Amino acid sequence: MRSGVTAEQVHAAADAIAAEGQRPTIRSVRERLGTGSPNTIQRHLAEWRESRPEVKQAAYELPAELVNAFGKELRRGAEAATAELRQELSEAHTETQELAQIGEGLEQERDDAVERAEATEAERDRIAQERDQLQHDLERVQQERDDARQLAESRGQELAQAQNRITTLTEQLDEAKAQAGERQQRLEESQREAQQAAQNAAVAESKAEAQAEKAGDLKEQVSELKAELSEARKEAREAREQAAKDAEAWREQVSLEHQRNAELQSERDSLADQVTRLETERNTGAE
């Protein structure tokens, strides 16, 4: 806090100005001191003027014959005193104007200070609003990031489940293929047995020609073998058809699972990119 000027400082400045042959005024004293309130300077300057000694002339009586001679001198002295009073009045008026100008300057400084304070208050409010908006945006981005992360985790779980289903279906397909192989092997064995039966039938027929007495029995055996061969062929055909149907169904199921897996993988990658972007935006906003 700046302290005001003292009476001693004002009196000293006034003495110095008066010693230079000038009349001390509020402006000249304030310029000499470089500081000070105009009201304070005016009060101390009035005290200084009241404290200055007055020059008084010794009382004496003039001879009557000299009264007229000094009449003109007295009138001139009165006129000089009047001029001095007028000068003092003019200086007082000048000081009043100076005080008014200084007061106007102080009022302008006060208005400027109030305007700066109001501008500072408005700027502070604007910064507070921007801070609140940034906080709101940050919370929104964080919520979006959390939602995206939860969605990514959910999609990851779905992808893992799909991958497990694909693994299960692949194992089932391999098992079906193995079963189809076994059926094919049994079919080939049935075909070999049928061929062997046909060969046996041919041998039996040859023997039948040589052994007419056994023809009835051999024909019956051939008929039974042919019936067995027909049944074996029928089972083999049905097994092939069923294996083909099962294989086609498994291929379609695996294709659908692969397609679903690709969709889930694409969705998970998209969600991962979104999470990365949101985290980047949040880090940028935080900076």
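Here the structure is a predicted model, which is why all the values come from computation and not from measurement.

K.L.:
How should the overall build of the protein be read in this particular structure?
P.N.:
The helix and strand inventory of the protein stands at five helices and zero strands. Going from the N terminus to the C terminus, the protein shows its helices and strands as α-α-α-α-α. A burial count over the protein gives 20% of its 287 residues as buried. Only carbon and sulfur atoms are counted for the fraction: they give 48% of the accessible area of the protein, which is about 21500 Å².

K.L.:
Honestly, helix α1 (residues 7–19) in this entry has me stumped. Any pointers?
P.N.:
Three or four residues apart is the spacing at which side chains of an α-helix point the same way, because the helix has 3.6 residues per turn. Between its terminal C-alpha atoms α1 stretches 18 Å, which fits the 18 Å expected from 13 residues at 1.5 Å a residue. Buried residues of α1: A7, V10, A13, A14 and I17, and no others. Burial along α1 is one-sided: seen end-on, the buried residues are contained in an arc of 135 degrees. Exposed residues pointing more than 90 degrees away from the buried face of α1 are listed as E8 and A19. G21 occupies a position one or two residues after α1 and carries a positive phi of about 85 degrees.

K.L.:
I keep staring at the packing of α1 against helix α2 (residues 26–33) and nothing clicks. Help me out?
P.N.:
Packed helices, taken two at a time, are described by the angle between their axes plus the distance between the axes. Axis separation between α1 and α2 bottoms out at 9 Å; the angle between their running directions is 105 degrees. Compared by their axis directions, α1 and α2 come out roughly perpendicular. Residues Q9, V10, A13, A16 and I17 of α1 touch α2, and the partners they reach there are S28, V29, R32 and L33. By residue class, the composition of the contact of α1 with α2 is six nonpolar, two polar and one charged.

Conventions adopted
- Residues numbered from 1 in each chain as written.
- Predicted model: local features only at pLDDT ≥ 70, side-chain atom pairs only at ≥ 80, totals over all residues.
- Heavy atoms only, no water.
- Helix = DSSP H or I, 4+ residues; strand = E, 2+ residues; numbered from the N terminus.
- Buried < 20%, exposed > 50% of the residue type's maximum accessible area, 1.4 Å probe, protein only.
- Areas by Shrake-Rupley, 256 points an atom, 1.4 Å probe, with all protein chains shown as cover.
- Expected span 1.5 Å × (residues − 1).
- Arc of directions from axis to C-beta.
- Axes fitted to C-alpha atoms, helices over the stretch in contact; angles between N-to-C directions.
- Parallel < 35°, antiparallel > 145°, perpendicular 65-115°, else oblique.
- Contact = heavy atoms within 4.5 Å.
- Nonpolar A, V, L, I, M, F, W, Y, C, P; charged D, E, K, R; others polar.

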